[in-house]
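For reference, the chains in residue letters:
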Amino acid sequence: MRVNAVASDETDDRLRAILRDVLGLSAETVAGFDAGTALFGALPELDSMAVAGLLTEIEDRFGIVIDDDEIDGEVLETYGALLAFTAARVG
């Protein structure tokens, strides 16, 4: 299921895999994410320590660099926001 028309299915699939791997979420849980699924503050697995690991893994797997000033609460608020942010960086 595509969450955002800007994001490719491949970006969506890869981001879901990163969330599974970094946060230890089940495939079923991550498959159920839609654009409005709340992340930071709603998923106990995604605490402030996990954010750094998540962003590092996104950088590594997508071959991008994320500057600290690019990240704010809105980027991590929902799955749709994180996907849109990642898709924009991937180009």
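Relevant structure appears above.
Residues numbered from 1 in each chain as written. Predicted model: local features only at pLDDT ≥ 70, side-chain atom pairs only at ≥ 80, totals over all residues. Heavy atoms only, no water.

Q: I tried to follow the packing of helix H1 (residues 9–23) against helix H3 (residues 48–62) on my own but got confused; where do I start?
A: Working note: a packed helix pair is described by the angle between its axes plus the distance between those axes. Interaxial distance between H1 and H3 falls to 10 Å at its minimum, and their mutual angle equals 140°. As the angle between them shows, H1 and H3 are arranged oblique. In this structure, H1 crosses over H3, and the sense of that crossing is right-handed. Taken together, the residues of H3 that come into contact with H1 (itself represented by Thr11, Arg14, Leu15, Ala17, Ile18, Leu19, Asp21, Val22 and Leu23) are Ala50, Gly53, Leu54, Glu57, Ile58, Arg61 and Phe62. (Axes fitted to C-alpha atoms, helices over the stretch in contact; angles between N-to-C directions. Helix = DSSP H or I, 4+ residues; strand = E, 2+ residues; numbered from the N terminus. Parallel < 35°, antiparallel > 145°, perpendicular 65-115°, else oblique. Left-handed = near helix turned anticlockwise from the far one by under 90°. Contact = heavy atoms within 4.5 Å.)

Q: Help me out: how do you make sense of the pattern of salt bridges in this one?
A: Opposite charge on two side chains lets them pair, provided their charged atoms get close. As enumerated under the stated definition, the model contains 5 salt bridges in all. A salt bridge links arginine 16 to aspartate 12; the nearest nitrogen and oxygen atoms lie 2.9 Å apart. Of the two residues, arginine 16 and aspartate 12 are both situated in helix H1; the distance of 4 residues between them amounts to about one turn of the helix. Pair check on accessibility: arginine 16 and aspartate 12 agree, each one buried. (Salt bridge = Lys/Arg side-chain N within 4 Å of Asp/Glu carboxyl O. Buried < 20%, exposed > 50% of the residue type's maximum accessible area, 1.4 Å probe, protein only.)

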